[in-house]
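Tertiary structure, described
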Amino acid sequence: MSDENGTPDTPAGSAGDAAQGGPRPEPLRFFGTSWVNHDNGYAARRAGVAVGSLAAAAASCLILNFAYEGIRIAGTGAFVTVLVVAMFAICSALAFRNTWDGFRKRHDPHRQASLRGLLAIGFVGSLLACFVRSLTEAPGEKLHREEYETAREEYERRSSRRTGNPSKKKRRR
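Residues numbered from 1 in each chain as written. Predicted model: local features only at pLDDT ≥ 70, side-chain atom pairs only at ≥ 80, totals over all residues. Heavy atoms only, no water.

Digging into a nonpolar patch on the surface
On the surface, Leu62, Ile63 and Phe66 cluster together into a nonpolar patch covering about 330 Å² of accessible area. Take Phe66: it is sitting in helix H1 (residues 42–74). (Patch = residues over 30% accessible without salt bridge, like charges linked within 9 Å, V, L, I, M, F, W, Y side chains within 5 Å. Areas by Shrake-Rupley, 256 points an atom, 1.4 Å probe, with all protein chains shown as cover. Salt bridge = Lys/Arg side-chain N within 4 Å of Asp/Glu carboxyl O. Helix = DSSP H or I, 4+ residues; strand = E, 2+ residues; numbered from the N terminus.)

Written out as structure tokens, the structure is:
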């Protein structure tokens, strides 16, 4: 499988063929591998992600406002209304923090599975984290760049040690 730039869908640390020059960068959603050299419309993609995530967050808040109005019209009482608003606010803050941390380090899959419901409720926070990060870089670019640079350095160290066929070495007697 490959992304829109034709780069195979492999992790940053995966070793490629020696003919291809070692490890290949891991593609990012919406960016493919354009984040490596900031080419192939990288700036336009970043602007699109920023505008798209902000628009999605605004639309989500509008839908949540309709839900709030429905609860208020239903006359459930102040306690339920405050409880629902607090739930969305807290879940959004936790989702923002979780998404923001995911741009710096890989998530533990078991922890992510246990947080799935909370993150679904706090989806506005995730959208806002994506918006804020896309103002400076592609979301997740720093993490992927660090992993890719490390994989390239390791590949260079490994490949620089091997010079020629060891079976053809001259042996001293």
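Overview of the pattern of salt bridges
Inspection of the entire model under this criterion finds 8 salt bridges. The partner of Glu137 in a salt bridge is Arg133, with the nearest N and O atoms 3.2 Å apart. Neither residue differs from the other here; Glu137 and Arg133 are each classed as buried. The partner of Arg145 in a salt bridge is Glu141, with the nearest N and O atoms 2.8 Å apart. Here Arg145 pairs with Glu141, and both are found in helix H6 (residues 141–161), just 4 residues apart, close to one helical turn. When its relative accessible area of 23% is taken as the criterion, Arg145 is described as partly exposed. Connected through salt bridges with shared partners, the residues Glu26, Arg106 and Glu147 form a single ionic network. (Buried < 20%, exposed > 50% of the residue type's maximum accessible area, 1.4 Å probe, protein only.)

A word on the packing of aromatic side chains
Enumeration according to the criterion identifies 4 aromatic pairs in this entry. A centroid spacing of 5.7 Å and a plane angle of 50° characterise the contact between Phe31 and Tyr42, whose relative ring orientation is tilted. Pair noted here: Phe31 is in the segment before H1 and Tyr42 is in helix H1, with a separation of 11 residues, a long-range link. For Tyr42, a relative accessible area of 6% puts it in the buried group. (Phe/Tyr/Trp six-rings, centres within 6.5 Å; stacked < 30°, edge-to-face > 60°.)

Comments concerning unusual backbone geometry
In this model, Phe30 sits at a positive phi of 75°, which is unusual for a non-glycine residue. You can see Phe30 is positioned in the segment before H1. Exposure remark for Phe30: the relative accessible area of 59% places this residue in the exposed category. The residue His38 is not glycine, and still its phi comes out positive at about 55°. Residue position: His38 is located in the segment before H1.

Details of the confidence of the model for the chain
Parts of the prediction with low pLDDT should not have their coordinates interpreted in detail. Per-residue confidence for the chain gives a mean pLDDT of 84, with 80% of residues at or over 70. The weakest mean pLDDT in the chain belongs to H6 at 86; the strongest belongs to helix H5 (residues 123–134) at 95. Confidence drops under pLDDT 50 across residues 1–10; counting only partners more than four residues distant or on other chains, this segment forms 28 contacts. The model gives residues 15–19 a pLDDT under 50, and that stretch makes 8 contacts with residues more than four places away or in other chains. (pLDDT = per-residue confidence, 0-100. Contact = heavy atoms within 4.5 Å.)

Quick word on helix H2 (residues 78–102)
Because each turn of an α-helix spans 3.6 residues, side chains separated by three or four positions in sequence point in the same direction. Helix length check: H2, at 25 residues, gives a terminal C-alpha distance of 36 Å against a target of 36 Å (1.5 Å per residue), a fit within 8%. Here H2 has its buried residues at Thr81, Cys91, Ser92, Ala95, Asn98, Thr99, Asp101 and Gly102. (Expected span 1.5 Å × (residues − 1).)

What about the packing of H1 against H2?
Taken N-terminus to C-terminus, the directions of H1 and H2 make an angle of 165°; their axes are 10 Å apart at the nearest point. When the axes of H1 and H2 are compared, the pair comes out roughly antiparallel. Here H1 runs over H2; the crossing is right-handed. Between H1 and H2, the residues in contact are Leu64, Tyr68 and Ile71 and Thr81, Val84, Val85 and Phe88, respectively. The residue inventory of the contact of H1 with H2, partitioned by class, reads 6 nonpolar, 1 polar and no charged. (Axes fitted to C-alpha atoms, helices over the stretch in contact; angles between N-to-C directions. Parallel < 35°, antiparallel > 145°, perpendicular 65-115°, else oblique. Left-handed = near helix turned anticlockwise from the far one by under 90°. Nonpolar A, V, L, I, M, F, W, Y, C, P; charged D, E, K, R; others polar.)

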